[in-house]
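Structural overview for review
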Amino acid sequence: MDLLSLPVAALFVVSMTAAFLSNVFKKSYNNRFPTAFDTQIYISAGGVAVLLTLFCASRATAPSLATVLLGCVFGAVTLAHSVCFMKAIETGSFAYTFVIVSLSTIIPAISGVLFWHEKITVPQIFGLIAFAACILLSVNAEGKAANGEKTKKKTWILSVSVCFVLSGLVGILQKIHQSSPYAEERIPFLAIAFGIMTVASAFGAFAVRKTRVVPRENKAKRYLLKYLLIAVGGIGVGLNNVINLYLSGVVESAVFFPVVNGGGLALTTLAGVIFFREKLTAKQWAGIAVGILSVLLLCF
């Protein structure tokens, strides 16, 4: 059965569940395997899982040259975004990182005004104000931090900032493709993008590989856990991309974006607290609340 033939409500549930599991498993992987080599392996092997999911999710059609070129750009941007996101959740709060990255919806919103002659609404203006407040509240500046913590904080700020920009660019590229005459070529578009990610990350893993000694008695268990996390995360990414790209074209923006972004933020925040025992300051909790409000306002 074609996955996209399911009712819209069911697709929302599958998409949000897939995104939630993907992010939780990505963070779990990052906690256990934090090296640059492991990051590249995750992206490359996860890309294979995504491609298999795309193949099973829906029928593919032969791509046009425009889809091929745009898919290549989309793949390069998504690869860079994945690397920055994994570095951000390694050095900072999982929940807050997700809030900041989700706020990148401001970039497609502004691009819509500049390039697609869309009008900015009153809720979106308030969303921009809330966005600024969220950024100001994002970093805990209370007390004196050790040098290691300062370096970690700077790394997080840089990583999450680049991730924010790249995530917004991902939204613009999706909008360009889905606004073109080639919108039905969504499966080839995603397959090309994740194919590029898979190959590029494989070369990246080879370039940064190091000889590492893994205890013999733990080696099989570690590899099993490693590739289980990669497989579930990759399937989640694949399902989420296929379904959201489809829903963005058949569901009104006023419904689609608040449900996907708001629901995803709420689930991820809960995951950060429940599964990863994150301890945030009152100021940071206020920032998360303002950030969720900002994302919802920017969707209208």
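The structure this text deals with has already been given above.
Computed from a predicted structure; not experimentally measured.

Parameters at a glance
Residues numbered from 1 in each chain as written. Predicted model: local features only at pLDDT ≥ 70, side-chain atom pairs only at ≥ 80, totals over all residues. Heavy atoms only, no water. Helix = DSSP H or I, 4+ residues; strand = E, 2+ residues; numbered from the N terminus. Buried < 20%, exposed > 50% of the residue type's maximum accessible area, 1.4 Å probe, protein only. Contact = heavy atoms within 4.5 Å. Salt bridge = Lys/Arg side-chain N within 4 Å of Asp/Glu carboxyl O.

**Regarding the environment of Ser64**
Tracing the chain through its elements places Ser64 in the loop between α2 (36-57) and α3 (65-91). A residue is classified by how much of its surface remains accessible, and Ser64, at 15% relative accessible area, is buried. Counting along the chain gives 121 residues from Ser64 to Glu185, while the straight-line C-alpha distance between them is 8.1 Å. Residues contacting Ser64, with those up to four places away along its chain left out, are Tyr182 and Glu185.

**Some details on the side chain of Asn241**
Looking at where Asn241 falls in the secondary structure, it is placed in helix α9 (residues 216-250). Of the residues examined, Asn241 reaches a relative accessible area of 14% and is grouped as buried. In this view, Asn241 contacts Gln174, Leu190 and Phe194; residues no more than four positions away in its chain are not counted.

**Digging into the pattern of salt bridges**
Following the criterion strictly, the structure yields 3 salt bridges and no others. When the shortest N-O distance is used, the salt bridge between Lys87 and Glu90 registers 3.4 Å. A residue pair is termed a helical-turn pair when its members lie 3 or 4 positions apart in one helix, as Lys87 and Glu90 do in helix α3 at 3 residues. A relative accessible area of 28% means that Glu90 is categorised as partly exposed.

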